[in-house]
Structure formats: C-alpha cells, structure tokens
Amino acid sequence: MIKVLFLTEYGQNIGIGHVNRCRALADAFASKECSIKFLIRGSKSMIDLPYDIEYVDWETNSLAAEHIASSDISVFDTYQIDNSQLACLSSKSKLPVSITDAMLRYIQNGIVVVGSIYGDSIQLPTEIANYILKGPQYMLFRNEFWSLPNYLVKNKIENITISLGGFVDKQKIAPLLEIVHNVFPDANVSVFGQAESRERIDAHEKVSFKNLVSSENYIKHLYSTDLMITNGGQTLNESILIGIPVIAISTADNQIKNAQKWRELGVIKYCGKTVDKNFNKEFKEELIEFISKDERIKFNRVSQESIDSNGAKRVVDFVLEKYKSI
C-alpha cells in the first residue's frame, strides 16, 4: 500500500483552506487505496478529518523527518514555511508534492500543483515544467463535493453565511454584520469560525455563530445559503462550484489573485480588503445589487459553467503515474 503523508497548517492567522485542499487530495488518494496521514502545524484545535492526524510543528520536529522518510509520497501545503526550509524537509522524500498559490511556496524537485482559476498565469522555472499542474482543471475539492445536486436560487435572500477563516476576527466581523443587517434586516446570518468572545459582535438576534462542522453538514448548510460572504480562499471556490452567489473579501495577500480573477470572469462580486478606503460603501452596494433575484441567477449560471469537481482525481492520477516511474 502506498503511504501518503500530508504536511500542512491551520491556526489563528491561517484559514482552514490549506487543510481542505489537502483533504481533497487525501480523498482522491484514499479512493486508490493509499494510506493517509496528516501532520498539522499551528493550532491544536481539533479538525474533523477521517484520517490519522498529529498536531505538530513539523518544520522543526525530528519525528516529522522520520515520517517523511518512511512515506512514499509527501504532500506539502503551507504559506508560512519558505522554500529553502521546504527543500531541506523534503530531501528524504521519495516523491514530494507541493500545493501552492500566489505565495509560491513549493519544492523545486517535486510535483507542483497550482490548482486555481489564475494558475495558468503563474510563472515557474522551466526546468520543472514537466512536473507542474496548474489551472482550474486541477482545483481541489473534497469527495463530498464530487457529486452535487443542483442549487436553487430563491426569490428572496433569507439565509446569509459569512466565512472568513477558521477564527472569527471581532474587528472585521462587527462592521460587516452592521452593514448586512442594514440591507437585509430580516435575514438569518450564520458566521463560521471560532470566536473567543462574542459580547461585541453578537449584536442581532438573527446572527448565529458556528464552529467547524463536518463536511456533510457544511454542504447541507451551503445549500440553504442564499448569499455567501467569504474570503478569497478555498471556501470561495467551493461556493462557486455549488453556484451560490458570492461576495468575496480578501483576508490574506495570497487570496487576492484568486478573488480578482473570479471577478474578472464575472463569477463573483469582490470588494477587496476591509481596510480599503471605500470598502464599506462598495460592500453595501454589492449587497444591494444581490437583492435582485435576476442578478443572483446570472451569477449562479456563470459559476456552474466555470469549474468541475474532478481536479483532485486528475492530480492523483498524475502523481501515482510519476511514482510508478521512480
């Protein structure tokens, strides 16, 4: 049995997207009867994964090096560990795989996956060209997203979801909730993420806070969502795959290209970062535009024509073929 090791991160300043991208590949490897193990650095918060997990700062842990050496394939997904560290860590890996984005954290002597809508525009060294998988056809989705029912656009926005990362930032969420409540006073608003204190942000009775839930329950929730407000990472891509009308807000620099490209293609509305000068005005205007059912239907149709859910399977087929040739 081929042993696949995933080394990724999650925490206060790191969204759940890195874990979910790895989870997508893990599901595709598991479908080929590979064994899966995760090493997750950062927060020790429990994450719902159907695989063996250790919470460890793998960049400095000697046990992690042993795991890498004993695995057949090592998959790295990080934006905090630089390329020189990754090269050192992967030196004993039989076949290293990097999942990367605009931050370009990757291992040069391995397979590099840039599964994003802007992936084709990323320039990487020509000497590794045969080992680069880039573009929307390699976008990674968990197995629960592989076969989805049709999404129905309702007449009225009744349920709004806000998902800006694994942890709720009070200073960012509070003004967003005020604007949302102003435009949609009767809508139920669900905020995903862990919050240490809610005394300032739990301002309206129709606002509820939800910690991380299972993938199955999360997808059920998404299908009840009439409008998604999310960052420019993995949740954005998942919402687009389903066809939910989306307003994107960048919470990290590595999300900007993703959100900008989706907006350029007419798939989402995007209003930059909350610290931008005209953010509140633009955010409110975009909310108001989505009051129209016709506007939401337009974005729903473009979304569903943009991507498919088979990217993880394509990546795994390529990786396993390369592994066989080692």
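This section reports on the structure supplied with the text.

Definitions and limits used
Residues numbered from 1 in each chain as written. Predicted model: local features only at pLDDT ≥ 70, side-chain atom pairs only at ≥ 80, totals over all residues. Heavy atoms only, no water. Helix = DSSP H or I, 4+ residues; strand = E, 2+ residues; numbered from the N terminus. Axes fitted to C-alpha atoms, helices over the stretch in contact; angles between N-to-C directions. Parallel < 35°, antiparallel > 145°, perpendicular 65-115°, else oblique. Contact = heavy atoms within 4.5 Å. Nonpolar A, V, L, I, M, F, W, Y, C, P; charged D, E, K, R; others polar. Phe/Tyr/Trp six-rings, centres within 6.5 Å; stacked < 30°, edge-to-face > 60°. Buried < 20%, exposed > 50% of the residue type's maximum accessible area, 1.4 Å probe, protein only. Lys NZ or Arg CZ within 6 Å of the ring centre and 35° of its normal. Core = buried A, V, L, I, M, F, W, Y, C linked by side-chain atoms within 4.5 Å. Pairing = 2+ DSSP bridges. Left-handed = near helix turned anticlockwise from the far one by under 90°.

## Examining the environment of Ser-31
Item 1. Tracing the backbone through its elements, the reader meets Ser-31 in the loop between α1 (17-30) and β2 (35-42).
Item 2. For the pair Ser-31 and Lys-313, spaced 282 residues apart in the sequence, the C-alpha separation amounts to 9.0 Å.

## Observations regarding the packing of helix α6 (residues 234-242) against helix α7 (residues 256-264)
Item 1. At a minimum axis distance of 10 Å, the contact between α6 and α7 shows a crossing angle of 25°. Taken together, the axis directions place α6 and α7 in an arrangement best described as roughly parallel. Taking contact as the criterion, the partners of Leu-236, Asn-237 and Ile-240 in α6 are, on α7, Asn-258, Ala-259 and Trp-262.
Item 2. For the contact of α6 with α7, a count of residues per class yields four nonpolar, two polar and no charged.

## Brief notes about the packing of aromatic side chains
Item 1. Using the criterion set out here, one finds nine aromatic pairs in the structure.
Item 2. An angle of 65° between the planes, with centres 6.3 Å apart, marks the rings of Phe-6 and Phe-29 as edge-to-face. Of this pair, Phe-6 sits in strand β1 (residues 3-10) while Phe-29 sits in helix α1; the two residues are 23 residues apart in sequence, bridging distant segments of the chain. For the pair formed by Phe-6 and Phe-29, the shared burial category is buried.
Item 3. An aromatic cluster is present here, built from Phe-6, Phe-29, Phe-38 and Tyr-51 joined pairwise through their rings.
Item 4. Of note, Lys-269 hangs over the ring of Phe-290, and the distance from its end group to the ring centre comes to 5.0 Å.

## Here we look at the nonpolar core
Item 1. Phe-6, Leu-25, Phe-29, Phe-38, Ile-73 and Val-75 are the most contacted members of the largest nonpolar core, which has 35 residues in total.
Item 2. Of all the elements in the fold, those that place two or more residues in this core are β1, α1, β2, β4 (73-76), β5 (96-99), β6 (111-114) and α10 (311-324).
Item 3. If you tally residues by element for this core, the top one is α1, at seven residues.
Item 4. The residues contacting Leu-25, other than those within four sequence positions of it, are Phe-6, Val-75, Ile-99, Leu-140, Ala-312, Val-315 and Val-316.
Item 5. Within the second largest apolar cluster, 32 residues are counted, among which are Val-112, Phe-192, Leu-222 and Ala-259.

## Details of the sheet that holds β6
Item 1. What the seven strands build is an open sheet, ordered β3-β2-β1-β4-β5-β6-β7; its pairing is parallel. In this open sheet, the two edge strands, each paired with only one partner strand, are β3 (52-55) and β7 (132-134). Averaged over all pairs of adjacent strands, the angle between strand axes in this sheet comes to 15°, irrespective of strand direction.
Item 2. Pairing of β2 with β3, which is carried by four bridges, proceeds in the parallel orientation. Bridge assignment links Ile-40 to a residue of β3, and that residue is Tyr-55.

## A word on the sheet that holds strand β11 (residues 227-230)
Item 1. Strand order in the open sheet formed by six strands is β10-β9-β8-β11-β12-β13, and the pairing between neighbours is parallel. Bordering the open sheet on either side are β10 (207-210) and β13 (269-270), each of which pairs with just one other strand.
Item 2. One ladder, built from six bridges, connects strand β8 (residues 159-167) with strand β9 (residues 188-194); its direction is parallel. The partner of Ile-162 across the bridge, within β9, is Val-191.

## Quick notes on unusual backbone geometry
Item 1. The residue Glu-33 is not glycine, and still its phi comes out positive at about 65°.
Item 2. By the secondary structure assignment, Glu-33 is in the loop between α1 and β2.
Item 3. What makes Glu-33 exposed here is its relative accessible area of 64%.
Item 4. A positive phi is found at Leu-104, a non-glycine position, where the angle reads about 55°.
Item 5. On the secondary structure map, Leu-104 appears in the loop between β5 and β6.

## Here's the deal with the packing of α1 against α10
Item 1. For the pair α1 and α10, interaxial distance at closest approach is 9 Å and the crossing angle is 60°. When the axis of α1 is compared with that of α10, the two are oblique. Crossing hand, α1 versus α10: right-handed. Within the contact between the two elements, α1 uses Ala-24, Leu-25, Ala-28 and Phe-29 and α10 uses Ala-312, Lys-313, Val-315, Val-316, Val-319 and Leu-320.
Item 2. Among the residues forming the contact of α1 with α10, the class breakdown is nine nonpolar, no polar and one charged.

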